[in-house]
Amino acid sequence: MKEALYLNGELAIVNYSRAYAHSLEQLLNSSTFSNYVQNYLEYLQAHNEDLYNYALNGKTAREATFEILKLFRLLRVFRVEELQSDYLNDKACLLEFVEEGYNFWKRHQRFSVLFNTEGSTLQDFNFVAADSNFNTMILSVYRSLEEQIQGRKNRVYRQLQAGTNASIAVRVNSHIKLSDTYAKLKAIPFIEGVMLRTPMILHPKSNKRTGMFEETDHNPIERFSGNSDEWFCYPCKIGSLLAFIYFHRDFISSAVSLANLFELANADECRKKPDLICLFGNKDGLDATDFYYDEQEDIWVGSVSYHERIEYFGYLKKMSLTLHNLRKMQQGWLPIHGAFVNITLKSGKRKSIMLMGDSGAGKSESIEALKNAGKDVIKDIEVVFDDMGTIHLEDGVPYGQGTEIGAFIRLDDLDPGTPYRDMDRSIFMNPESSNNARVITPAAPYEVVAENHRIDLFAYANNYDDKNGLQRLDIDAAMATCKEGKRMAKGTTQEVGISTTYFANPFGPMQKQEVCEPLIMQMFEAMRDNGVFIGEIYTHLGLDKENREGINIAAKELLEFIEKD
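Residues numbered from 1 in each chain as written. Predicted model: local features only at pLDDT ≥ 70, side-chain atom pairs only at ≥ 80, totals over all residues. Heavy atoms only, no water.

What follows concerns the environment of Glu404. Within the secondary structure, Glu404 is located in the loop between β18 (397-402) and β19 (406-410). A relative accessible area of 2% means that Glu404 is categorised as buried. For the pair Glu404 and Arg18, spaced 386 residues apart in sequence, the C-alpha to C-alpha distance is 34 Å. Not counting residues up to four positions away in its chain, the partners in contact with Glu404 are Leu261, Phe262, Lys317, Leu321, Val384, Asp387, Met388 and Val449. Engagement of the side chain of Glu404 in a polar contact is seen with the side chain of Lys317, the distance being 2.3 Å. (Helix = DSSP H or I, 4+ residues; strand = E, 2+ residues; numbered from the N terminus. Buried < 20%, exposed > 50% of the residue type's maximum accessible area, 1.4 Å probe, protein only. Contact = heavy atoms within 4.5 Å. Polar contact = N/O pair within 3.5 Å; in protein donor to acceptor, adjacent residues only side chain to side chain.)

Moving on: the sheet that holds strand β21 (residues 438-442). Here we have 4 strands laid out as an open sheet, ordered β6-β20-β21-β19, and mixed in their pairing. Two strands close off the open sheet at either side, each with one partner strand: β6 (200-202) and β19. For this sheet, the mean angle separating the axes of adjacent strands, direction not counted, is 20°. Here β19 pairs with β21 via 5 bridges, running antiparallel. Its bridge partner lying in β21, Gly406 is registered against Pro442. (Pairing = 2+ DSSP bridges. Axes fitted to C-alpha atoms, helices over the stretch in contact; angles between N-to-C directions.)

Right, let's get into helix α14 (residues 549-563). Counting along an α-helix, one turn takes 3.6 residues, and residues three or four places apart therefore face a common direction. If you check α14, its first and last C-alpha atoms are 21 Å apart, about what 15 residues at 1.5 Å a residue would give, namely 21 Å. Among the residues making up α14, those that are buried are Gly550, Ile551, Ala554, Ala555, Leu558, Leu559, Phe561 and Ile562. (Expected span 1.5 Å × (residues − 1).)

In terms of nonpolar packing, the biggest core is built from 80 residues, with Ile245, Phe262, Phe280, Ile336, Phe458, Phe503 and Phe524 touching the most fellow members. At 8 residues, the largest contribution of residues to this core is made by helix α8 (residues 313-330). Setting aside residues no more than four positions away along its own chain, Phe458 makes contact with Ile336, Met354, Met356, Ile391, Cys482, Phe524, Met527, Val532, Phe533, Ile534 and Gly535. The next biggest cluster of nonpolar side chains, apart from the first, holds 50 residues, and it includes Ala55, Leu69, Leu71 and Met195. (Core = buried A, V, L, I, M, F, W, Y, C linked by side-chain atoms within 4.5 Å.)

So this is what it looks like as structure tokens:
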């Protein structure tokens, strides 16, 4: 990234390695701050003509920027009464100009990046400390100017996230183990550290996913148009697999949100060949969401074309999980779209509950209802996965594993207090929206996610029937129900009403049904032979999401199952 400050719409990325101010004076004298003021003036020209005319005061935008910054620097030293400036003839307008300039900055989704490379001006400066210092400086500039102009100290101070929403430290992976087929990727810097200012509130322009992930017969790397100035890589572990997720900087908000979802890979892990490569925000002009198996390199490659709508986090999450599921099916593991938890009671009893279903079926919501139903008897709930996991066999015994260290959850499907229990660590996306507002919250340590867990109960989450509670099914009926994948769609995709998806999983199994089919039979027979309860749970969430009676009845019967010997 060459720019010291990159602005694009409501996105701002500050490059500390190109320019970094260690003091307020350096900040007010910097070209970065000057560029920001010029962008602010362009914004005023389109949105506030009166304030724009006041700021220009008969000058060009460049001349006005120079005069405004000169006044700001003088206000750091002198009192208003000691200065002469046309801008001081209307202090109310000047105060409004400062206030709106601060608000203009806060309206951006703000990020910073520090390159850990030779010659970096902050090579030895911890990126968290650098970003914290920047946050303090922005707040101090605003407050000092405000107090000088109004001629008094503030009486109430609010410690806002004035600088950035998040920061990343990056480094070129000189040990990357990719063939020349992927030469275009080798110079793209890898993220080696992420700092989130939580609760982090983001406002992506899109709030649902459309279209399908489809297989292509050409490697997307052939049409990759990115470069090391505009792209970064988030290297991570999805379950037991290593993924290199490359993204265009315009989608940095989605990429840093991955820190709450997928475990960031360390330097030693980044020396290995990845199992999966995702190219997110590729300017290929195809409007594609596709994947390809590179048989020669044994890598699954996914690509999502650059488009405003892919700001919705579901595109990045689900493409990554699709690649994971395709690889796992190759290895003989069955992907499960669901939720899996280990419940420990105060009595010492312990059961592992796996619920399966497509988006909106009530998997996560059933677990939350179970927490409430068992609040007096449950000692601990350990999350293995909240959206996507796997079942595999070892010596004929079925085990579950997870993929994610966090959960990406609809706010309006949860009890009102649930999202706020962990809000100090969470990322909220369009929380003010009544349509698919989401939260990404940490859920489980990676060590728990990636280890084997026995299964005591496996149930399909049915959100469309008016039956109640928990029902046992024979293996044929259970497989038929799961393969039909019926649900009442709830607006997380373009679907509405009753829909069906093969095995309730459009992220790999649907595209590779011929691979998935024998795995379903194998795993269900193994669950039956190992005494796993196999059935269906009725959540009613597709019938009336405001009525929690159905899901509460189901949670009560789940709790009764756990309490049984």
